[in-house]
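Each chain is listed here by its residues.
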Amino acid sequence: MLKKYLDQPLTYDGRQLSSLWAYRNFGLQGDSIVAFRGPCRVELTEMVDLEDVRAGDHIYSEEMLHFIIEHFDLDLEKTVIRQRLLVATIGEALAEVGAKGLVRRGDDLYQGQGKLSVSIATLSPVSTLIHTGLNISSRNTPVQTVGLADLGVDPDRLAGIILDRYSLEVESIRGARCKVRGVP
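Presented here is a report on the structure given in the accompanying data block. (Residues numbered from 1 in each chain as written. Predicted model: local features only at pLDDT ≥ 70, side-chain atom pairs only at ≥ 80, totals over all residues. Heavy atoms only, no water.)

Re helix 5 (residues 155-177)
The periodicity of an α-helix, 3.6 residues per turn, causes residues three or four positions apart to be oriented the same way. Here is the rule we go by: Strands here are runs of E lasting at least two residues and helices are runs of H or I lasting at least four, both read from the DSSP assignment and numbered beginning at the N terminus. Each residue after the first adds 1.5 Å to the expected span of a helix. Only protein chains enter the accessibility calculation, which uses a 1.4 Å probe; a residue is then buried when its area is under 20% of its type maximum, exposed when over 50%, and partly exposed in between. In this description, contact between two residues means that some pair of their heavy atoms is separated by no more than 4.5 Å. Any pair of nitrogen or oxygen atoms within 3.5 Å is treated as a polar contact; in protein, a donor-acceptor pairing is required on top of that, and neighbouring residues in sequence qualify only through side-chain atoms on both sides.
Taking 1.5 Å as the rise per residue, helix 5 with 23 residues should run 33 Å; its terminal C-alpha atoms sit 33 Å apart, in good agreement. Residues Pro155, Leu158, Ala159, Ile162, Leu163, Tyr166, Ser167 and Val170 constitute the buried set of helix 5. Packed against the buried residues of helix 5 are strand 1 (2-5), strand 2 (32-42), strand 3 (59-71), helix 3 (76-96), strand 8 (128-135) and helix 4 (148-151). Its side-chain oxygen placed 3.0 Å from the backbone nitrogen of Asp156, Asp154 serves as the N-cap of helix 5.

Topic: the side chain of Asn135
Inspection of the secondary structure puts Asn135 in strand 8. Take Asn135: its relative accessible area is 4%, and that puts it in the buried class. Engagement of the side chain of Asn135 in a polar contact is seen with the backbone oxygen of Lys115, the distance being 3.1 Å.

Details of the sheet that holds strand 1
Across a sheet, paired strands are connected by hydrogen bonds in the backbone, their directions being either parallel or antiparallel. Cut-off, in case you're wondering: Whether two strands pair depends on DSSP finding at least two bridges between them. Every angle, taken between N-to-C directions, lies between 0 and 180 degrees, and every axis is a line fitted to C-alpha atoms, over only the stretch in contact when it is a helix.
Pairing is mixed in the open sheet, where five strands are placed in the order 1-2-3-8-7. Whereas interior strands pair on both sides, the edge strands pair on one side only; in this sheet they are strand 1 and strand 7 (117-123). Going across the sheet, the axis of each strand differs from the next one's by a mean of 25 degrees, ignoring polarity. Set on the sheet, helix 3 makes contact with strand 3, strand 7 and strand 8; between it and strand 8 the angle comes to about 25 degrees.

Rendered as structure tokens:
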């Protein structure tokens, strides 16, 4: 599992959720996780969650910590499970760095009614993709949110923890598949 943290901010607009994005832009060929900070502005034309499109919801945040993951298999259900593993891993890491009162509901994290995250998993012709964004700022969002700044969490430190932990989880799962014998 290849991993990269981008030093320069990048606006997430939905177009980054495309096959081979990490390879085309950063030379990461194969399963990868890329993290970066930046605003989030996803217009309806770029959204892949048709429930949100039908509701006319748009996604906006002044600043988020983004994770884009690509796995080169075509099992969307497995990718949704990986997405939930990622969000659970983020929740565990946040608790360890002192964030209190976070609850995972499906593929999102909340503190009370404040939504911390957005997340989506999808399928491309050659891979499956996940985007998860964590609000850093909770100002001017279209719904009630909480941000990492409100929780007193350093987004750069958190990004490093998540990159390492998700990569280790994926490698551990692959290892677990290869150490057992089949049963009749």
